[in-house]
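Below, each chain spelled out in residue letters.
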Amino acid sequence: MMRRIVVMAFGFVLAVGVAAIFLIVSALLDPATREAGFAAATSGLFAFVEEDVRAGGWSDPLATFGFILWSMIIATCVAPLAVAALIGEIAGARSLLWYSGASATLAGASPWIARAAMGLDRAREASPLELRIALLFFLTGAVAGAIYWLIAAPPPPARQMARPKPPLGEV
């Protein structure tokens, strides 16, 4: 039992790390998401800095940028994989389709889930750029789920791994 928990934790941490690297690298390689991400990061950074100046203190703007990046990684890499892994472990799922598909679906839908949770009116709409970013999140979730499955998917039951019996006439 303890071995299984260690393998699951190792698989989860490794899958999240690889997915985070995939998310950052693929976002930087795609020109549209790179420009949109840079614009969003700078506007968010300037908004936080302006709020800090108004409050009378100068917080570290790099820490603010790190917080924004951290929250994106949590929403697209950690939370979807945690839900898929938890349900998969409870249900005894052994399928790559489950781990990769469930994690990808939740990661791709994370912008709409966040909007719906906040009660925003635009929870049903999306621009082409938002769809492109959602595709990036979907692929990130698929990578995370596939890596987790490779490392931590439960092995098949022992009865399926047993050698098949020879036909009755052969010995």
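Residues numbered from 1 in each chain as written. Predicted model: local features only at pLDDT ≥ 70, side-chain atom pairs only at ≥ 80, totals over all residues. Heavy atoms only, no water.

Draft legend 1. Structural context of the overall build of the protein. Helix and strand content of the protein: 7 helices and 0 strands. Shown N-terminal to C-terminal, the secondary structure of the protein runs as helices and strands in the order α-α-α-α-α-α-α. (Helix = DSSP H or I, 4+ residues; strand = E, 2+ residues; numbered from the N terminus.)

Draft legend 2. Summary view of the packing of aromatic side chains. Following the criterion strictly, the structure yields 1 aromatic pair and no others. For the ring pair Tyr-99 and Tyr-148, a centre distance of 5.4 Å and an interplane angle of 55° mean the geometry is tilted. With Tyr-99 in helix α4 (residues 96-108) and Tyr-148 in helix α6 (residues 128-152), the pair connects residues that are 49 residues apart, well separated along the chain. With relative accessibility at 0%, the residue Tyr-99 sits in the buried group. Judged by its relative accessible area of 1%, Tyr-148 falls in the buried class. (Phe/Tyr/Trp six-rings, centres within 6.5 Å; stacked < 30°, edge-to-face > 60°. Buried < 20%, exposed > 50% of the residue type's maximum accessible area, 1.4 Å probe, protein only.)

Draft legend 3. Structural detail: helix α1 (residues 2-29). End to end, α1 covers 40 Å across 28 residues, agreeing with the expected 40 Å (1.5 Å per residue, within 8%). Along α1, the residues that are buried comprise Gly-11, Ala-15, Val-16, Ala-19, Ala-20, Leu-23 and Ser-26. (Expected span 1.5 Å × (residues − 1).)

Draft legend 4. Spatial organisation of the UniProt feature "transmembrane region" (unreviewed entry) in the protein. Within this structure's numbering, the places UniProt gives as "transmembrane region" (unreviewed entry) are residues 7-29, 67-87, 96-113 and 133-151. With 100% helix and 0% strand, residues 7-29 has end C-alpha atoms that lie 32 Å from one another. (UniProt positions renumbered as here; feature names shortened; annotations may be inferred.)

Draft legend 5. Quick look at the confidence of the model for the protein. In the predicted model, the protein carries a mean pLDDT of 82, and 77% of its residues have values of at least 70. By mean pLDDT, the top-scoring element of the protein is α4 (94), and the lowest-scoring one is helix α7 (residues 158-161) (54). (pLDDT = per-residue confidence, 0-100.)

Draft legend 6. Fine view of the environment of Tyr-99. C-alpha of Tyr-99 to C-alpha of Ala-142: the two residues are 43 residues apart in sequence and 8.0 Å apart in space. Engagement of the side chain of Tyr-99 in a polar contact is seen with the backbone oxygen of Ala-93, the distance being 3.1 Å. (Polar contact = N/O pair within 3.5 Å; in protein donor to acceptor, adjacent residues only side chain to side chain.)

Draft legend 7. Inspection of the nonpolar core at higher detail. Membership of the largest hydrophobic core comes to 16 residues, with the highest contact counts inside it found for Leu-23, Ile-73, Cys-77, Leu-81 and Tyr-148. Sorting the residues of this core by element identifies α1, α3 (61-91) and α6 as the ones contributing at least two each. (Core = buried A, V, L, I, M, F, W, Y, C linked by side-chain atoms within 4.5 Å.)

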